[in-house]
Structures are given as C-alpha cells and as structure tokens.
Amino acid sequence: MGKPAIAIARAIFPQIIERLQIHFEVLANQSDELWSQPQMIEKLRGRAGLFATGTERIDAALLSECPHLEICANMSVGYNNFDLQAMSAAGVVGTNAPGVLTETTADFGFALLMATARRVTEGEHFLRGGHWTRWAYDLFAGAEVHGSTLGILGMGRIGQGIARRGAHGFGMRVIYHNRSRLDAATEEQCKARFVGKEELLRTADHLVLVLPYSAQSHHAIGAAEIALMKPGATLINIARGGIVDDAALAAALKSGKLAAAGLDVFEGEPQVHPDLLSVPNVVLTPHIASATLPTRLAMANLAADNLIAHLVNGTPLTPLNAVRRDRRPFDGR
Ligand code: DGY
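These numbers come from a predicted model, not from an experiment.

Rules and cut-offs
Residues numbered from 1 in each chain as written. Predicted model: local features only at pLDDT ≥ 70, side-chain atom pairs only at ≥ 80, totals over all residues. Heavy atoms only, no water. Patch = residues over 30% accessible without salt bridge, like charges linked within 9 Å, V, L, I, M, F, W, Y side chains within 5 Å. Areas by Shrake-Rupley, 256 points an atom, 1.4 Å probe, with all protein chains shown as cover. Salt bridge = Lys/Arg side-chain N within 4 Å of Asp/Glu carboxyl O. Helix = DSSP H or I, 4+ residues; strand = E, 2+ residues; numbered from the N terminus. Buried < 20%, exposed > 50% of the residue type's maximum accessible area, 1.4 Å probe, protein only. Pairing = 2+ DSSP bridges. Right-handed = clockwise from strand over helix to strand, strands pointing away. Near = heavy atom within 4 Å. Polar contact = N/O pair within 3.5 Å; in protein donor to acceptor, adjacent residues only side chain to side chain. Nonpolar A, V, L, I, M, F, W, Y, C, P; charged D, E, K, R; others polar. Contact = heavy atoms within 4.5 Å.

A.B. asks: Explain a nonpolar patch on the surface to me, please; I cannot follow it from the model alone.
C.D. replies: A surface patch of nonpolar side chains, amounting to about 310 Å² of accessible area, comprises Leu127, Trp132 and Leu139. Within the element layout of this structure, Leu139 appears in the loop between helix H6 (120–128) and strand S6 (149–153). According to the relative accessible area criterion, Leu139 is partly exposed, its value standing at 35%.

A.B. asks: What is the right way to read the pairing of strand S2 (residues 25–28) from this model?
C.D. replies: Regular strands place side chains that alternate from one sheet face to the opposite one. Bridge count between strand S1 (residues 5–8) and S2: 4 bridges; the pairing is parallel. By the bridge assignment for S2, Ala5 is matched with Glu25. Where the polypeptide runs from S1 across helix H1 (residues 14–23) and back to S2, its parallel neighbour, the crossover connection is right-handed.

A.B. asks: Teacher, can you tell me more about the site of the ligand here?
C.D. replies: As a matter of local geometry, the ligand sits amid Ser76, Val77, Gly78, Leu101, Arg240, His287, Ser290 and Met299. At 2.8 Å from an oxygen atom of the ligand is found a main-chain nitrogen or oxygen belonging to Gly78. His287 places a side-chain nitrogen or oxygen 2.7 Å from an oxygen atom of the ligand. Across the complex, the protein chains shield 84% of the 230 Å² of accessible surface that the ligand would expose by itself. A class-by-class count of the residues in the shell around the ligand yields 3 nonpolar, 4 polar and 1 charged.

A.B. asks: Before we go on, may I ask you to explain the pattern of salt bridges in this structure?
C.D. replies: Where charged atoms of side chains with opposite charge meet at close range, the side chains can pair. Applying the stated criterion across every chain yields a total of 14 salt bridges. Between Glu103 and Arg164 there is a salt bridge; the shortest N-O distance is 2.7 Å. Remark: Arg164 occurs in helix H7 (residues 157–170) and Glu103 occurs in helix H5 (residues 102–117); sequence separation between them is 61 residues. A salt bridge links Lys191 to Glu188, with the shortest nitrogen-to-oxygen separation between them at 2.5 Å. Note on Lys191: relative accessible area 41%, which makes it partly exposed. Each member of the salt-bridge network shares a partner with another, and the members are Glu103, Asp107, Arg164 and Arg165.

A.B. asks: Before we go on, may I ask you to explain the side chain of Ser290 in this structure?
C.D. replies: Residue position: Ser290 is located in the loop between strand S12 (282–284) and helix H13 (293–311). For Ser290, a relative accessible area of 9% gives the class buried. A distance of 3.0 Å separates polar atoms of two side chains, one belonging to Ser290 and the other to Arg296. Ignoring sequence-local partners within four residues, the contact set of Ser290 consists of Leu101, Thr104, Thr105, Thr295, Arg296 and Met299.

Below you can see the structure in the form of structure tokens.
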C-alpha cells in the first residue's frame, strides 16, 4: 500500500513538511502562491488530506470534484473557511487548532487594546513625522485602561484570557456576553459578569470582540450597535473580519462617536476599507494576533497531528464535525 497523499496549501515550517512526509506523499505549496479554487481542486484530486491555514474555502463545489478527500485540517482556531454542512454530507472531517494559541492571542488582544486606548501608534506617527516640538498637557491624551469597564463579546478560551488579564492585571470591571453563560467557577476565575448584548454595548469603555464568524455573527457590530455604545468608547476586533461593518465603524471613528478602534481582522482582508485607512484613530495590524513563532509552530503541529491521527490512526484529535470514516475509503491505503 502506498502512503496516503496530502496537500499543504501554503508555505509552512520546513519541519512540519518533513514530519508529514514520514506518513504521507506530500504536495507542498512552497512558493506560497495562493491557489485559485480551480487550482485547489486540481491539487486535491486523488488526495486524502489538506493542510489548510484557515483561508482556503472548502465547499460543496470543491468537495464534489475531490472524491478522495477525507480531512481538511486548519492550523487556525477559526474555521469559517469550511462549509461544515457540505463537508459532513461529503464525509470529510474538518479540524481546527484550539487551545494552543489562547494565551498568545489574548496577549495580543490586550496589546491592541492598550495601543488603541493610549494612542500609541498615533503618537509614534506624530513623532516620526517630525511634529514633536514640545510637551503639552493634552498631547495624545487617551482613555484610562485600569479601573475602566472591559466588555467582551464572545467568551471562549481567548475571551477568558482577555478577561483574566483585564481583571487581575488592570483592575478592570469585566462584563461579557456569549451565546451561553460560563459556569460560576469560570466566571469567578475571570472576575467576569454575564450581561445582555445591549447592556454590554451601553456599558463597556473598551469592547473586545472574540466571537467566531458565522452567518449569525455577520455585522454583529454595525451602525445600530455602534449607536448603542458609550460615546468615546474603544472597539477592538481580533475575531474575524465581517463581524464588524467596517464602513459603519469608519464613520463612527470619523464622527468621534467612538474614540478609537484596534483592528487585526477586516472584511475582505487583506484588502482594508479605504475609510479605515484614512482615519487616524485606528490601530491596524495584519491578522497577527497568534503570530509568535512558538505558537504558530504549535498550531501547525496540531494540524499535522490531526492529519496523522485521522489518516493513519483513524481518529482526529480536534474534529469540528462527526463523520463516519467508511464513507470515503482512500483507495491507495
Ligand atoms: C485563528 O487561529 O483563527 C487566527 O485568526 C489565526 O489565523
């Protein structure tokens, strides 16, 4: 029996490719040229697995052309690139990479909150632009972080990490809204109080978004929600583009309704709404919340572990859907 064949969609750590080559015949996209959907279909024909990075669209049209595919393993915790219903119908497992990026991503959420509230990048641009000639009592005066009210929308692992940092490190009052309320012990650890979405919007001085993207969370923060927010609040998005209506946000930043925003993710990224690029009171980063090399390596290893666990041992470690394995037997194994 030959080894199962897999494809790696993007350039990735060489040691991950070497690891996967022990178990699989590997087609690796080392040039890192993005594969179009027809190219992806061509690359996946006859292959049992895909190592994905969280952006490769896996839908019914692709699945119908790739009958040997058994697993798509994201090296991201987010999985809105997967049509899980179509994958389940086609007998294809999707896996993500939860847990290994929690603290790193929560660190970044807090970094973005601090940079946004305290106007770090605006101050730096001013200084680099040669405009700093003297001290002034109100020069880049920002918003208080310690002792303020931190609102968190989406209270999974990363949300909880942000809550702990806010409550224990900065003495913030933490409120959160989530599809389901946390158990009392976890709320106590995070020193977080569950509130309705409207109360969250009306009360938070700093609102951090950490909820997964889905059709239901599309534009969870739009013009109507921004209107409910405290005047002068800050908004941080480390979740996914599309959760915020970027045009409505840019208008609120321009009008001064919101003091500032910190954004790591964007609708249609890597394109960024031009109005966001033209307002000064927004800190913009290129989807790097999980980007430390040890964490990215742990994420890639977990995706590799899932491919090996499913295709070699029969059971993925972090599946997103339940699939009967006999649905799509791989001929070559
Ligand atoms: C994730 O893991 O979903 C992060 O957004 C990094 O891609």
